[in-house]
2 protein chains.
Amino acid sequence: MDLTIALLQFKPTRKSIEKNIQKIQRAMEGIKADLIVLPELSNSGYLYEKAEDLKPFSEENDGQGPFLSALIDISKTIESVIVTGYAEKDRSILYNSAIALSPQGPITNYRKTHLYDHEKMLFHPGDSGFKVFEWNTVKIGMMICFDWIFPEACRSLALEGAQIIAHPANLVLPYCQNAMVTRSIENRVFTITANRIGTEKLGDMNLNFTGMSQITDPSGAIRYRGPKDKATVHIITIDPNDALDKNLNPQNNLFKDRRLDLYQLVESREQ
Amino acid sequence: MDLTIALLQFKPTRKSIEKNIQKIQRAMEGIKADLIVLPELSNSGYLYEKAEDLKPFSEENDGQGPFLSALIDISKTIESVIVTGYAEKDRSILYNSAIALSPQGPITNYRKTHLYDHEKMLFHPGDSGFKVFEWNTVKIGMMICFDWIFPEACRSLALEGAQIIAHPANLVLPYCQNAMVTRSIENRVFTITANRIGTEKLGDMNLNFTGMSQITDPSGAIRYRGPKDKATVHIITIDPNDALDKNLNPQNNLFKDRRLDLYQLVESREQ
């Protein structure tokens, strides 16, 4: 089967949901795709001193707020699922979340498990666990940015059946793109890393986001790697069923070959 | 602290333990190193039609056989620990194993957990689990070749405290070297992949071993990558205590940040 997947790489503007909606609307004009992945925190931008400053630019996961409702409208026009990162507000608590939106509204919400660095000052760590949803018979999992460094994140999604990992990101370290190739190979899944570009400064923090949004396939091939610092939309067609076959060769099935009886996945000194 | 580590990349000769001992002896002459890692199946070479054909070139893990006793002699001369891959015989059963040898004899033996392709026709899958041994206060873990594709292998060793992963290999796929960079980053460990070179043919099997033996450090830096097809010994000095610090930054400890309560590490359909 053919599935058309797209990623949007852009520079979210801090403290302006409206500008971010406009940027996304413009980038999405005329696009045809079944699944579109946007960067992490696309509604809010990244650097805030404290949660209180970020709160006005966050919204709830019900799809009723200004940012998510605008994205649901786009999803209606394109007839696609959109996965976007966004600052989520749940009463007074903030999460760094990703949500899958269909023309009918929110499908499922994921709250980032592994917060990176200063994010720990702004967000609560995620409590949702790793979630897989089905869309037109295709299973899609979500993880966010720094989750890449923990092999258990992508592994959890793949073991739950995800064929495609939608991976909104705001990357500042240079390692993730190569690591996602390994994530694809070890789990035989597609990955779509939608990264942002640009710089943000706050006090003595000065971040350069690395772009190079990327799509990898179950064989580990890099099907697309974007530019470092240019906003871009990229669309490719894949067969998501390629991710159903976990056989590397007739003798090795990467899931069935796992030896849970021999693994030791708790740190020794914690035992 | 300083530790001098070496890897030997060479072409084991099939069906001649004697030639392999000679090649290793010659390569090791005059070397000074605290830890030396050799390729997988350094005593036997790789391709055999059936276990019965390989059996004469295998030996027990007691260090008394011709290959391991010759390596213990080398270890006495250099005053080092040698980790080598070898075909192990336990009564009538063969394992694809790695053993750590000190001047006093065998320290610990590891039987390859994840057998690759045709290896399943020759060897029993390993039953030893992932083993970490201590040498002069440094903790060292062993895994073999195809174990690289399972993140649980390196993860198990790192969680048990391994600072250095000794990784004998006979690689034919092109993905491992990059993946080991990710293994280093995600576990903040050193890795030493000692790969072989050359080709082997048997019936319609025709294998090209990929060389490019490699040393990576906890930051993910490639400290050495060898040639594709030349025998070589490479020695570098590292501080193994760099691998004790699992902090990526003051906010993120890659072990303490793990969320075992949220991971789902059993395949859904198997539950």
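As the structure is a prediction and not an experimental result, all values here were calculated from the model.

1. A look at the overall build of chain A
- When you go through chain A residue by residue, the secondary structure sums to six helices and 16 strands.
- Here the C-alpha radius of gyration of chain A, 18 Å, is about what a compact globule of 271 residues would show, namely 18 Å.
- Taking the principal axes of its C-alpha atoms as reference, chain A extends roughly 55 × 50 × 35 Å.
- Counting the 271 residues in chain A, one finds 63% classified as buried.
- Considering only residue pairs separated by 6 or more positions, chain A has 67% of its internal contacts joining residues 24 or more positions apart.
- Carbon together with sulfur atoms contributes 47% to the accessible area of chain A, which is approximately 9900 Å² in total.
- If the 31 positive side-chain charges of chain A are averaged to one point and the 34 negative ones to another, these points end up 4 Å apart.

2. Let's talk about the relation of the copies chain B and chain A
- For the pair chain B and chain A, the relating rotation is 180°, the translation along its axis is 0.0 Å, and the fit reaches an RMSD of 0.0 Å. What the superposition gives is, in effect, a two-fold axis relating one chain to the other. When C-alpha distances to the rotation axis are compared across chain B, the minimum falls at proline 151 of chain B, with a value of 3.3 Å.
- With an isologous cut-off of 70% or more, the 100% of interface residues of chain B that recur at the interface of chain A puts this contact in the isologous class.

3. Things to note about the packing of aromatic side chains
- Tallied over the full model, the rule gives twelve aromatic pairs over all chains.
- Ring centres of tyrosine 46 of chain A and phenylalanine 209 of chain A lie 5.5 Å apart, and the angle between their planes is 75°; on these two criteria the pair is classed as edge-to-face. Linking tyrosine 46 of chain A in the loop between β2 (35-37) and α2 (51-54) with phenylalanine 209 of chain A in the loop between β11 (205-208) and β12 (214-216), this pair joins segments that are 163 residues apart in sequence. Note on accessibility: tyrosine 46 of chain A and phenylalanine 209 of chain A belong to one class, buried.
- Judged by centre distance (6.2 Å) and plane angle (35°), the rings of tyrosine 263 of chain A and phenylalanine 130 of chain B are tilted. Note that tyrosine 263 of chain A is positioned in the segment after β16 (252-253) and phenylalanine 130 of chain B in the loop between α4 (119-122) and β6 (132-135), a pairing that runs across two chains.
- Aromatic rings pair up to connect Tyr110 and Phe130 of chain A together with Tyr263 of chain B into one cluster.
- The ring of tyrosine 95 of chain A has arginine 111 of chain A lying over it, and the distance from NZ or CZ to the ring centre is 3.9 Å.
- If you follow arginine 196 of chain B out to its NZ or CZ, it ends over the ring of phenylalanine 209 of chain B, 4.0 Å from the centre.

4. Points about the packing of helix α5 (residues 151-159) of chain A against helix α6 (residues 176-187) of chain A
Residue and element names in this part refer to chain A.
- Relative orientation of the contacting elements α5 and α6 amounts to 40°, with a least axis distance of 10 Å. As judged from the angle between their axes, α5 and α6 are oblique. The handedness of the crossing between α5 and α6 is right-handed. Counted together, Pro151, Cys154, Arg155 and Ala158 of α5 and Arg183, Glu186 and Asn187 of α6 form the full contact between these two elements.
- Grouping the amino acids of the contact of α5 with α6 by side-chain chemistry returns three nonpolar, one polar and three charged.

5. Observations regarding the sheet that holds strand β14 (residues 232-238) of chain B
All names here are of chain B.
- The strand order β5-β4-β3-β2-β1-β14 describes an open sheet built from six strands, whose pairing is mixed. Both edges of this open sheet fall to β5 (105-111) and β14, since each of them pairs with a single strand only. The average angle at which neighbouring strand axes cross in this sheet is 30°, direction not considered.
- Most of the contacts of helix α1 (residues 17-28) go to strand β1 (residues 3-9), to which it runs at about 140°, and overall it touches β1, β2 (35-37) and β14.
- In the packing of helix α3 (residues 66-78) onto the sheet, the strands contacted are β2, β3 (81-90), β4 (93-102) and β5, and the crossing angle to β3 comes to about 170°.

6. Focus: unusual backbone geometry
- The phi dihedral of leucine 41 of chain A is positive, around 50°, even though this residue is not glycine.
- Located in the positive-phi region is threonine 137 of chain B, a residue other than glycine, with phi close to 70°.
- By the secondary structure assignment, threonine 137 of chain B is in the loop between β6 and β7 (138-142).
- Under the relative-accessibility criterion, threonine 137 of chain B is labelled exposed at 57%.

7. Concerning the sheet that holds β7 of chain B
Residues and elements named next belong to chain B.
- Spatially, β6-β7-β8-β9-β12-β13 is the arrangement adopted by the six strands of the open sheet, whose pairing is mixed. Two strands bound the open sheet, and with one partner strand each, they are β6 and β13 (222-225). The sheet shows a mean angle of 15° between the axes of neighbouring strands, taken without regard to direction.
- Across three bridges, the pairing between β7 and strand β8 (residues 164-168) is parallel. Within the sheet, the bridge partner assigned to glycine 141 lies in β8 and is isoleucine 165.

8. Some points on the interface of chain B and chain A
- Taken together, the 49 residues of chain B in the interface contact 49 residues of chain A.
- Where chain B abuts chain A, roughly 4600 Å² becomes buried across the two surfaces, and 58% of that area is made up of carbon and sulfur atoms.
- Run the count over chain B and chain A and you get eight salt bridges.
- In this structure, lysine 120 of chain A engages aspartate 257 of chain B in a salt bridge whose closest nitrogen and oxygen atoms are separated by 2.9 Å.
- Looking at the side of chain B that touches chain A, the elements with two or more residues in it are α4, α5 (151-159), α6 (176-187) and β15 (247-249) of chain B.
- The leading source of residues in the side of chain B that touches chain A is α6 of chain B, at six residues.
- Each residue belonging to the side of chain B that touches chain A can be placed in one class, and the counts come to 23 nonpolar, 14 polar and twelve charged.

Basis of the calculations
For every chain, the first residue of the written sequence is number 1, and numbering continues from 1 along that sequence. Each chain is given a letter, starting from A, and each ligand a number, starting from 1, according to the order in which they appear as written. The predicted nature of this model means local features are confined to residues of pLDDT at least 70 and side-chain atom pairs, given and counted, to a pLDDT of 80 or more, with totals for whole chains, interfaces and linings taken over all residues. To obtain the side-chain values, all non-hydrogen atoms of the structure were included, while hydrogens and water were left out. Secondary structure is summarised from DSSP: a helix means a run of H or I of at least four residues, a strand means a run of E of at least two, and numbering begins at the N terminus for each. Between the two quantities, the radius of gyration covers C-alpha atoms and the globule rule is 2.2 Å times the number of residues to the power 0.38. The buried label goes to any residue with under 20% of its type's maximum accessible area, the exposed label to any with over 50%, and the partly exposed label to all in between, with areas taken from a 1.4 Å probe on protein chains only. The criterion used for residue contact is that any of the two residues' heavy atoms lie within 4.5 Å. Only the protein chains shown count as covering a residue, and every accessible area follows the Shrake-Rupley method with a 1.4 Å probe. Positive charges are assigned to Lys and Arg, negative charges to Asp and Glu, while His and the chain termini are left out of the count. Each charge is placed at NZ for Lys, CZ for Arg, CG for Asp and CD for Glu. Fitting of the copies onto one another was done by least squares over C-alpha atoms, counting residues only where both copies have pLDDT of at least 70. Only rings of Phe, Tyr and Trp enter the pairing, Trp through its six-membered ring, and a pair is recorded when the two centres are within 6.5 Å. The plane angle decides the type: under 30 degrees is stacked, over 60 is edge-to-face, the rest tilted. In this analysis the charged atom, NZ for Lys or CZ for Arg, is taken to sit over a ring once it is within 6 Å of the ring centre and within 35 degrees of the ring normal. Helix axes are fitted only over the stretch in contact, all axes being lines through C-alpha atoms; the angle between N-to-C directions runs from 0 to 180 degrees. Reported orientations rely on four angle classes, namely roughly parallel under 35 degrees, roughly antiparallel over 145, roughly perpendicular from 65 to 115, and oblique for the rest. The crossing is said to be left-handed when, going from far helix to near helix, the turn is anticlockwise and less than a right angle, and right-handed when the turn is clockwise. Amino acids outside the nonpolar list (Ala, Val, Leu, Ile, Met, Phe, Trp, Tyr, Cys, Pro) and the charged list (Asp, Glu, Lys, Arg) are all regarded as polar, and Gly is one of them. Strands were regarded as paired on the criterion that DSSP finds at least two bridges between them. Defined in terms of a 1.4 Å probe, buried area is the accessible area two parts forfeit on being brought together, summed over both. Should a side-chain nitrogen of Lys or Arg be within 4 Å of a carboxyl oxygen of Asp or Glu, the pair is scored as a salt bridge.

By themselves, these figures tell us nothing about what the structure is for.
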